[in-house]
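One letter stands for each residue in the lines below.
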Amino acid sequence: MKITKYLIASFIALSITACSSEDEEIITGEGKVTLEFDNSYLTSDLLLSTASYSANESEEIKISDVKYIVSNIRLENEEGEIFTYPKEDSYFIVSETDTDSQFISLSNIPAADYTKITFGIGVDQEKYLEGATGQGDFLTLAQDAGMMWSWQAGYKFFVFEGLYTSDVTTTETAFAFHMGSHGSSVDNYKEVTLSLTNSARVRTTSTPEIHVVADLANILSGTTTFLLDDAAQIHVDAVKSPQIATNVNGMFVVDHVHN
Amino acid sequence: MMNVLQNIKIKKSIVFLGFVLLTFQSFANHNFKNCSNHEPDSFEFFFCDLCGCSTSSGSFGLGTLNNASFVGVRYIYQTFESKDGIFSNSPTSTENFHTYQLWGRLPINEKLYVSAILPYQDLKRTYTDREENINGFGDATIMSWYKFKFYKKLDEEKAKLYTNVQKEPSGHSLEIGLGAKLPTGKFEQILADRVNPGFQLGTGSLDGILGLAHSYGADKFGVNTSLTYYFKNENKNEYKFGNQFSYASNFFYAISKEKYMLLPFVGLSGNIYDKIEQYQEEIPKTDGNVVNGTFGAEITTKDFIIGANYTLPISHNLFGGNVTPKQSLSIYLNFNLNN
């Protein structure tokens, strides 16, 4: 029996000593980050056209199109240091109908543990005032995606379209919210800063994925409540556009981060 | 007589050695060398560990809480339904976990015994459009148990009349166990990113186990209760399963026949999990608890114990409600080494 005891003792001892602690890692180099934009309606994954969602009062909506411009991405690490993604490469169009567009891949990110992300919805005045040539390829991309009224009127930052019914409007009726800055007269560009649920650890060998959920229910029922029976079409509106911009900003949340 | 005794000892030693060797073998298969950083992680009580076995708990069997030494095999089947995505309308996947265990128990002396379990896992997950399967050794568990026996108070009148009055057992016994779960099962980071983090062969960590078991046996019935705490450690991916508290209590009734004893039982068990951590940060929606109801029966003969039980969750909230435990089934066959 003694042999058995020794065997057990040595077995346990060996298992414990097999693992010794690791030295503090030195973080250098650059890596990548993937930013995923996942649209939802409340807790449900957003389904275009097929699903009917309850909005305010008796209004029922079917959403047929959701698009927005994501821009000026910045990452903040645990020391509070901010990395700004190169501005000329920091404009993206996220479209619900184009899965690829929902994954934004950022490269040459300094390796660090990032805890916060900031991005803008739309195009800032600084960029807009660079003129048509200053927009680079993004101008064409926005035009092709229907994210511009005209050069003078500017970019559409957010497009939200579909059909709705209500007690008053019994036949399916189109609605469309197009929000953007109005030339340089009304600036609706807004930024949102989100804390990450757990840190995004960018390394030369590891690409974290920040999974952002955008809850479209917030558009009609956010800081401002919109009744489609009051106004089903909102395009250029000095009062309502800024309110929509605020609702859009409030719809983003970081669900999780994969390292 | 001496020969017979020695034979028994040899037999026991061979069985135990076999266990140890098998465990080492599986260590070797699962890149033991990579374990140069931190490793340890999680475990479970008598026989279930979070990986591939996250929500069941149990004991070594009712008839085996005496000082018997045995070696046996057990099969556990469990099913879960997990969300394949983060939304309420995300599709679900069905998980079927098959666990085959080699287990045994060996007394070292009157009060002390050692138990060991080596599992083999075969885990399957069916999505709406694809399937996933992993198999291999799971995490081996080794524990040592110290047993306290309780006796009735001596009858003082009797003690005066007779010289050799034996202490009468009270029927209660208490065991304290201390052990480790070894990282013999493979841990894959990619699987940890899915909704059910329990879909792993092993935790990849060396974990500590503290167990407390009480049993009471009267003539016709008995109650076994066990409490276990798993101190989970970080593995080499800096991933740390949440500490786990398991409890189980079974009430059994004994029906004695000439050649065997039948023990039907009912019981309650449960697990409470802390949040999983990675890189020293808690991961949201990774804690939970589950309460199970169990019924089953065991047949004990001179040479073997055969048992089966069926477990159904009564209430649960696992991983933010995204994992739903379904029924599980366990059957086992133990050979008595005392004869």
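Predicted model, so just to flag it, every value in this text is computed and none were measured. The residue numbers shown here count from 1 along each chain, following its written sequence. To label them, take the chains in the order written and letter them from A, then take the ligands in the order written and number them from 1. Only residues with pLDDT of at least 70 are given local features in this predicted model, and only at 80 or more are side-chain atom pairs given and counted; all residues enter the totals for whole chains, interfaces and linings.

A. Up close: the overall build of chain B. Within chain B, the secondary structure is distributed over three helices and 17 strands. Buried means a residue has 20 or more other C-beta atoms within 10 Å of its own C-beta, exposed means 12 or fewer, and partly exposed covers the counts in between; C-beta atoms are placed from the backbone. Looking at chain B as a whole, 45% of its 339 residues are labelled buried. Here the analysis covers contacts within chain B between residues at least 6 apart in sequence; of these, 66% occur between residues at least 24 apart. Counting from the N terminus, the helices are the DSSP runs of H or I reaching at least four residues and the strands are the DSSP runs of E reaching at least two. Two residues form a contact once the distance between their C-beta atoms, set from the backbone, is within 7 Å.

B. Spatial organisation of the overall build of chain A. The secondary structure content of chain A amounts to six helices and 16 strands. Each radius of gyration is computed over the set of C-alpha atoms, and the globule rule expresses the reference value as 2.2 Å times the number of residues to the power 0.38. Compactness check: chain A gives a C-alpha radius of gyration of 24 Å against a globular reference of 18 Å for 259 residues, more than 25% above the reference. Projected onto the principal axes, the alpha-carbon positions of chain A cover approximately 90 × 45 × 30 Å. Evaluated residue by residue, chain A yields a buried proportion of 35% over its 259 residues. A sequence separation of at least 24 residues applies to 79% of the contacts in chain A between residues at least 6 apart.

C. Up close: the sheet that holds strand β13 (residues 277-278) of chain B. All names here are of chain B. The strand order across the open sheet formed by three strands is β9-β13-β14, and the pairing between neighbours is antiparallel. Unpaired on one side and paired on the other, β9 (239-240) and β14 (281-282) mark the two borders of the sheet. With two bridges joining them, β13 and β14 adopt antiparallel strand pairing. Bridging across to β14, Gln278 finds its partner in Glu281. DSSP bridges decide pairing: two strands pair if at least two such bridges lie between them.

D. Up close: the environment of Ile117 of chain A. Residues and elements named next belong to chain A. Inspection of the secondary structure puts Ile117 in strand β8 (residues 112-121). The exposure class assigned to Ile117 is buried, which follows from the 22 C-beta atoms found within 10 Å. Through-space distance from the C-alpha of Ile117 to that of Ile104 is 13 Å; in sequence the pair is 13 residues apart.

E. Summary view of the pairing of strand β1 (residues 70-83) of chain B. All names here are of chain B. Pairing of β1 with strand β17 (residues 323-336), which is carried by 12 bridges, proceeds in the antiparallel orientation. Bridged to Phe70 within β17 is Asn336. Direction of pairing for β1 relative to strand β2 (residues 92-107): antiparallel, over a ladder of 14 bridges. Residue Tyr75 lies in a different strand from β2, and its bridge partner there is Tyr100.

F. Local environment of the environment of Tyr100 of chain B. Residues and elements named next belong to chain B. Mapped onto the elements, Tyr100 comes out in strand β2. Accessibility expressed as a C-beta count within 10 Å gives 14 for Tyr100, which makes it partly exposed. For the pair formed by Tyr100 and Phe295, sequence separation is 195 residues and the distance between their alpha carbons is 20 Å. Ignoring any residue separated from it by four or fewer positions in sequence, one finds Tyr100 in contact with Val73, Tyr75, Pro119 and Tyr120.

G. Focus on helix α6 (residues 240-249) of chain A. Of all the residues in α6 of chain A, the buried ones are Ser241, Ile244, Ala245, Asn247 and Val248 of chain A. Within α6 of chain A, the buried residues cover an arc of 165° as seen down the axis, which keeps them to one side. Of all possible arcs, the one meant is that of the directions from the helix axis to the C-beta atoms.

H. Local environment of the confidence of the model for chain A. pLDDT is a residue-level measure of predictor confidence that goes from 0 to 100. Mean pLDDT over chain A works out to 90, with 90% of the residues at or above the 70 mark. The model gives residues 17-23 of chain A a pLDDT under 50, and that stretch makes nine contacts with residues more than four places away or in other chains.

I. Quick look at the pairing of strand β16 (residues 304-318) of chain B. All names here are of chain B. Two strands pair when backbone bridges link them, and strand β15 (residues 288-300) and β16 are joined in this way by 13 bridges, in the antiparallel orientation. In the sheet register, Thr300 faces β16, and the bridge partner there is Ile305. Between the end of β15 and the start of β16, which pair antiparallel, lie three residues. Where β16 lies against β17, nine bridges are found, and the strand directions are antiparallel. Following the sheet pairing, Asn309 is matched in β17 by Ser330. The loop that links β16 with its antiparallel partner β17 comprises four residues; one of these, Phe319, has a positive phi angle of about 50°.

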